[in-house]
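What the coordinates show
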Amino acid sequence: MSEQIPVEEYLQLIHNASAVIGSKLDPHPILSRPRVMIICGSGLGGIANTLASDPIIEIPYSSIPGFKTSTVQGHAGKLVFGLIGDNKVPVMCMVGRLHFYEGYSFQQTTFPVRVASELGVGTVVVTNAAGGINQSYKPGDLMVIEDHVNFPGLAGWHPLRGANLEQFGPRFLPLSDAYDHSLRKLFVEKARELNVTRPIHEGTYFFAAGPTFESRAEVRAIRTLGGDAVGMSTVPEVIVARHCGLRVLALSLITNAGVGDKPPSALHPNPVALDDGMASHAEVLQAADEASKDVERIIEATINQL
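What you see is a predicted model, and the numbers here were worked out from it, not measured in a lab. (Residues numbered from 1 in each chain as written. Predicted model: local features only at pLDDT ≥ 70, side-chain atom pairs only at ≥ 80, totals over all residues. Heavy atoms only, no water.)

**Looking at the pattern of salt bridges**
A full pass over the atoms with the stated rule returns 9 salt bridges. Between Arg242 and Asp177 there is a salt bridge, and its shortest N-O distance comes to 3.4 Å. Taken as a pair, Arg242 in helix 7 (residues 235-243) and Asp177 in the loop between helix 4 (151-154) and helix 5 (181-193) lie far apart in primary sequence, 65 residues in all. Of the residues examined, Arg242 reaches a relative accessible area of 17% and is grouped as buried. The partner of Lys293 in a salt bridge is Glu296, with the nearest N and O atoms 3.8 Å apart. Taken as a pair, Lys293 and Glu296 lie in helix 8 (residues 281-303) at a separation of 3 residues, close to a single helical turn. (Salt bridge = Lys/Arg side-chain N within 4 Å of Asp/Glu carboxyl O. Helix = DSSP H or I, 4+ residues; strand = E, 2+ residues; numbered from the N terminus. Buried < 20%, exposed > 50% of the residue type's maximum accessible area, 1.4 Å probe, protein only.)

Following this line, the structure appears as structure tokens:
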């Protein structure tokens, strides 16, 4: 596990990363002050394709001080800067996020959000692929996140653990308004205007550190604790975004149904096959691919109004 980076060193890394990115954006002043940051979840990197083809700047994480490398399939590992919609809203797309389960600290996984804040971003749109816990959710459904349960955070693994970065936000951050109501409402309105027929829910996202998919007992426990969907990301980024004073819209694409039934009994003469309903990363990517066009259309229409 990576050690906590001292505050002054961390702040310098943020400044250095912002300066490097700014230098690469200098030839296109219209991109130099992005208004919105989009974090693309597993299989949802195609959101970057909604950007206008010119001007566009791509910057690999490996060329930015302080950025770590994304190691997960479906996460390209680059920033893409461009314009979205008829209103030409300047955006910063994070194509491939960083995860705690990859061995990175929360300081490192949320570092891009701090950099986005320094670049002038005011709104963060966070997307993810998630397992359905609510039994009415089906693969391919969308869930607008209205609240979350930060399970690692409750156990002490919190993205704001350590010395507070006073330059960004308060020591004790309220999260009762973490998911902006007006942004959620705008997203739903745009989905209706586009005649998207895919079911859209509002619900609570349960953050589990991963990388394993949940056991059957864990699915039942998450359901009892009020989670509607479960995933391995998003909440640390949202908390840091709110600490920076940024507005947040977060969306889960339900890619698999959590299996909460008890395992087959060894006492039963004809048990069900043990792999019945088991989740896989391939399933996640396939479901994301099938729903990605609707997600891209709604996000483009939503950001066009920001």
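**Regarding the UniProt feature "binding site: a purine D-ribonucleoside" (unreviewed entry) in the protein chain**
UniProt records the feature "binding site: a purine D-ribonucleoside" (unreviewed entry) for Glu214 and Asn256 in the present numbering. What stands out for the annotated residues spanning 43 residues is how close their C-alpha atoms remain, the widest pair being 11.5 Å apart. Mapped onto the fold, Glu214 is located in the loop between strand 7 (200-207) and helix 6 (216-224). Among all residues touching Glu214, those that are not within four sequence positions of it are Ala208, Val219, Ile222 and Val230. Take Asn256: it is sitting in strand 9 (residues 247-257). (UniProt positions renumbered as here; feature names shortened; annotations may be inferred. Contact = heavy atoms within 4.5 Å.)

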